[in-house]
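For reference, the chains in residue letters:
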Amino acid sequence: MAHKTGQKEESRARLLASAGRGFRSHGYGGLGVDGLAKEAGVTSGAFYAHYKSKATAFREAVVAGMEDLHTSIERMRETLGGGWRQGFIDFYLGERRTCDLADSCALQSLTGEVARADAEAREAYEVELRKVIDATAAGLSAGSATERQAEATALLALLAGGVSLARAVKDPALSEEIAASVRQAATRLGQAPPPPPKDA
């Protein structure tokens, strides 16, 4: 029985990973249950054995994607120490911008879908987003707790929005230009403003 339970959990995890990739690539409306099942290599009946609806699978895929981002931020903070912030900016505007959309960050690829989703999905997203913001703020050193929270929120919004714009354009040069502009703005974010010029 334990073996069968393990197999069921493994099958559900594979299906969830595949659904997440499908939602990132095609959007919530771009795939039905049959399409999600086909992408995972299972029957529609097998899909319903794990999820009662597409909306349920979407909500879990969003949560899993945001948890991945949360884990990545904490891991980056541990491995890069004081340089984690710039490392995160470079990674997000580099690999996370140019990877296949199916492998992209949930913050960038699923946020728009969540905005059109049901209240349960938005609530689940909000819970995970708060965790991501907290993990980001915990790695910042300047300012009060409130200021670090605000900077973390702005940084995440800037990166996710920047990647969305960079992915949407056809011209690779314009995509690079967007990424460079966002990288510069994200790097400056939270830095002390220059002192005002002295009166002559």
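Residues numbered from 1 in each chain as written. Predicted model: local features only at pLDDT ≥ 70, side-chain atom pairs only at ≥ 80, totals over all residues. Heavy atoms only, no water.

### Overview of the overall build of the protein chain
In step 1: Secondary structure assignment for the protein chain yields 11 helices and zero strands.
In step 2: Going residue by residue from the N terminus, the α and β elements of the protein chain occur as α-α-α-α-α-α-α-α-α-α-α.
In step 3: In terms of principal-axis extent, the alpha carbons of the protein chain reach across some 80 × 40 × 30 Å.
In step 4: Within the protein chain, the proportion of its 200 residues that are buried is 38%.
In step 5: Of the contacts formed within the protein chain by residues at least 6 apart in sequence, a portion of 64% connects residues at least 24 apart.
In step 6: As displayed, the protein chain has an accessible area near 11,200 Å², and 55% of this comes from carbon and sulfur atoms.
In step 7: In the protein chain, the 25 positive side-chain charges and the 26 negative ones have mean positions that sit 2 Å from each other. (Helix = DSSP H or I, 4+ residues; strand = E, 2+ residues; numbered from the N terminus. Buried < 20%, exposed > 50% of the residue type's maximum accessible area, 1.4 Å probe, protein only. Contact = heavy atoms within 4.5 Å. Areas by Shrake-Rupley, 256 points an atom, 1.4 Å probe, with all protein chains shown as cover. Lys, Arg positive; Asp, Glu negative; His and termini not counted. Charge placed at Lys NZ, Arg CZ, Asp CG, Glu CD.)

### Comments concerning the packing of helix α4 (residues 54-80) against helix α9 (residues 119-138)
In step 1: Close contact between α4 and α9 brings their axes to 9 Å; oriented N to C, the two are set at 0 degrees. If you check the angle between α4 and α9, you find them roughly parallel. Two secondary-structure elements touch here, α4 through Phe58, Arg59, Val62, Val63, Met66, Glu67, Leu69, His70, Ile73, Glu74 and Arg77 and α9 through Glu120, Ala121, Ala124, Tyr125, Glu128, Leu129, Lys131, Val132, Ala135, Thr136 and Ala138.
In step 2: A class-by-class count of the residues in the contact of α4 with α9 yields 13 nonpolar, two polar and seven charged. (Axes fitted to C-alpha atoms, helices over the stretch in contact; angles between N-to-C directions. Parallel < 35°, antiparallel > 145°, perpendicular 65-115°, else oblique. Nonpolar A, V, L, I, M, F, W, Y, C, P; charged D, E, K, R; others polar.)

### What to know about the environment of Leu101
In step 1: Tracing the backbone shows Leu101 in the loop between α6 (95-98) and α7 (106-109).
In step 2: Since its relative accessible area comes to 31%, Leu101 is described here as partly exposed.
In step 3: A sequence separation of 53 residues divides Leu101 from Tyr48, and the C-alpha atoms of the two residues are 26 Å apart.

### Quick notes on the pattern of salt bridges
In step 1: This structure, assessed with the given rule, holds 10 salt bridges.
In step 2: We note a salt bridge from Glu95 to Arg96, for which the minimum N-O separation is 3.4 Å.
In step 3: The residue Arg97 makes a salt bridge to Glu176 at a minimum N-O spacing of 3.3 Å. Residue Arg97 is found in helix α6, and its partner Glu176 is found in helix α11 (residues 172-188); the two are separated by 79 residues along the sequence.
In step 4: Taking relative accessible area as the criterion, Arg97 reaches 9% and is therefore assigned buried.
In step 5: Classification of Glu176 by relative accessible area gives partly exposed; the value is 46%. (Salt bridge = Lys/Arg side-chain N within 4 Å of Asp/Glu carboxyl O.)

### Details of the packing of aromatic side chains
In step 1: Using the criterion set out here, one finds seven aromatic pairs in the structure.
In step 2: Centre to centre, the rings of Phe88 and Tyr92 are 5.7 Å apart; their planes meet at 70 degrees, and the pair counts as edge-to-face. Placement of both Phe88 and Tyr92 in helix α5 (residues 84-93) is noted, with a separation of four residues, approximately one turn of the helix. Exposure class is identical for Phe88 and Tyr92. Each is buried.
In step 3: An aromatic cluster of three or more residues is present, and its members are Phe23, Tyr28 and Phe58.
In step 4: It is Lys54 that lies over the ring of Tyr28; its NZ or CZ is 4.1 Å from the centre. (Phe/Tyr/Trp six-rings, centres within 6.5 Å; stacked < 30°, edge-to-face > 60°. Lys NZ or Arg CZ within 6 Å of the ring centre and 35° of its normal.)

### Observations concerning the side chain of Arg85
In step 1: Within the fold, Arg85 resides in helix α5.
In step 2: According to the relative accessible area criterion, Arg85 is buried, its value standing at 15%.
In step 3: At 2.6 Å, the side chain of Arg85 forms a polar contact with the backbone oxygen of Leu189.
In step 4: The contacts of Arg85, once residues within four sequence positions are left out, are Leu140, Glu151, Leu155, Ala186, Thr187 and Leu189. (Polar contact = N/O pair within 3.5 Å; in protein donor to acceptor, adjacent residues only side chain to side chain.)

### Let's talk about the confidence of the model for the protein chain
In step 1: For the protein chain, the mean per-residue pLDDT works out to 89, and 93% of the residues sit at or above 70.
In step 2: Confidence, read as mean pLDDT per element, is least for helix α1 (residues 2-26) in the protein chain (80) and greatest for α9 (97). (pLDDT = per-residue confidence, 0-100.)

### Quick notes on the nonpolar core
In step 1: One finds Phe88, Leu107 and Leu159 to be the most contacted residues of the largest nonpolar core, which totals 46 residues.
In step 2: Those elements that place two or more of their residues in this core are α1, α2 (33-40), α4, α5, α7, α9, α10 (145-168) and α11.
In step 3: With eight residues, α4 is the largest single contributor of residues to this core.
In step 4: What Leu107 contacts, discounting residues up to four positions off in sequence, is Met66, Leu69, Tyr92, Tyr125, Leu129, Leu156 and Ala160. (Core = buried A, V, L, I, M, F, W, Y, C linked by side-chain atoms within 4.5 Å.)

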